[in-house]
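Structure at a glance
This is what each chain is made of:
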Amino acid sequence: MFVVLRAGCTPEERNRVVRAVEDAGLSVQVSEGHHRIVIGIVGDEDRLRDVALDSFPGVEKVVPLRRPYRLAARETRAGDTVIDVDGVEIGGPNLTIIAGPCAVEHEEVVFAAARAAKKAGAHLLRGGAFKPRTTPYHFRGLGEKGLRLLAHAGAEVGLPIVTEAMDTRHVDLIARHAALIQIGTRNMQNFPLLEAAAKTGRPILLKRGRAATVTEWLCAAEYILNAGNGQVILCERGLVSFDNAVRNHLDLSCVPLIRRLSHLPIIVDPSHGTGRENLVPAMARAAIAAGAHGVMLEMHPEPERALSDAGQAIRPEELEALIPDLSAIHDVLRRSSYSIV
Ligand code: PEP
Ligand code: MN
């Protein structure tokens with residue numbers, strides 16, 4: 001449940017509510033906006049059965065949450081969560097572009113990709129060092145060596161890096177190099193991995209499971225929040241579908257839905273979401289128009305030579321042409337009087 005305090009309530013009134021909840025053995029997350037204060041309550045709510053919070057002075061209403069996630073729910077915060085990823089703010093009014101190759105491959109490729117991402121105006125550099133592949137016989141990434149290469153390339157051009165963690169044994173190593181830890185679609189419900197990644201204190205990019213409902217996705221985010229790490233960025237990357245005309249079915253309707261259900265930032269990955277480079281720019285534009293806080297794009301200096309996901313990588317010049325469009329669409333939304341939330 002969460003408690004909404006009346007506008008202009010006093011600090012004493014607020015503290016009385018917090019104390020009553022904590023005395024009952026539960027914890028609170030207080031969120032202060034310009035117009036109201038919301039107190040999210042976490043723990044066994046049965047213990048509050050005999051505490052009439054709605055009659056406390058200063059309380060406007062007590063709202064029960066019927067959803068299985070609480071900390072991720074929009075109602076438990078007064079505004080949008082904005083996450084600082086090594087100086088890049090993701091969420092709220094910001095537009096974030098993440099770009100880079102699917103996998104970290106040869107040194108010259110990753111450095112060329114980093115320079116191209118920077119030149120085009122991207123804010124973060126992506127690249128997989130530990131790659132989840134459907135068959136063990138395909139290129140599975142360079143591991144720690146790839147992580148170091150990506151970190152050097154990012155440092156050279158001044159872009160923070162994001163890379164995937166697949167294994168609890170690697171999260172600390174990845175956290176030492178990466179500004180943002182990606183949890184891939186196959187691991188969305190790998191709860192020990194979510195908790196281990198959360199414990200590093202790094203922001204987490206949580207991709208939606210390829211067959212996960214929105215509720216399951218937000219529950220996965222809840223695991224990270226509940227482990228004490230409030231820095232979760234959601235990433236829609238397409239769902240399995242009966243139709244193999246595209247690699248995955250990119251669910252853009254989940255973008256405005258998530259914006260309503262949660263305060264967490266949401267970005268879209270149209271590369272895995274379509275699997276086809278010639279569909280990526282259109283779906284990136286559509287993602288921003290739908291209210292996404294950013295996009296993650298696979299970009300390769302020479303896609304035909306890419307060791308993984310060659311068919312969905314756009315070229316540096318395509319990225320350069322696309323980013324101004326995304327900014328223009330984002331500006332339209334910012335000026336619009338229509339509120340997505
Ligand atoms: C990736 O972004 O490199 C990746 C493997 O994505 P997903 O987990 O969405 O398939
Ligand atoms: Mn890929």
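Residues numbered from 1 in each chain as written. Chains lettered and ligands numbered in written order. Predicted model: local features only at pLDDT ≥ 70, side-chain atom pairs only at ≥ 80, totals over all residues. Heavy atoms only, no water.

1. Some remarks on the side chain of T81
Considering the arrangement of structural elements, one finds T81 in the loop between β4 (59–63) and β5 (83–85). Of the polar contacts made by the side chain of T81, one reaches the side chain of R77; its length is 3.2 Å. Looking at T81, its side chain comes within polar contact range of the side chain of H263, at 2.7 Å. When neighbours within four sequence positions are excluded, T81 is seen to be in contact with I90, G91, G92, G230, H263, L264 and P265. (Helix = DSSP H or I, 4+ residues; strand = E, 2+ residues; numbered from the N terminus. Polar contact = N/O pair within 3.5 Å; in protein donor to acceptor, adjacent residues only side chain to side chain. Contact = heavy atoms within 4.5 Å.)

2. Side note on the sheet that holds β4
With antiparallel pairing, the 4 strands of this open sheet are ordered in space as β2-β3-β1-β4. A single partner strand is all that each edge strand has here, and the edge strands are β2 (27–32) and β4. Each adjacent strand pair in this sheet contributes to an overall mean axis angle of 20°, direction not counted. Judged from the 4 bridges that link them, strand β1 (residues 2–5) and β4 form a sheet pairing that is antiparallel. Bridge pairing in β4 links L5 to V59. Set on the sheet, helix α1 (residues 11–23) makes contact with β1, β2, β3 (37–42) and β4; between it and β2 the angle comes to about 155°. (Pairing = 2+ DSSP bridges. Axes fitted to C-alpha atoms, helices over the stretch in contact; angles between N-to-C directions.)

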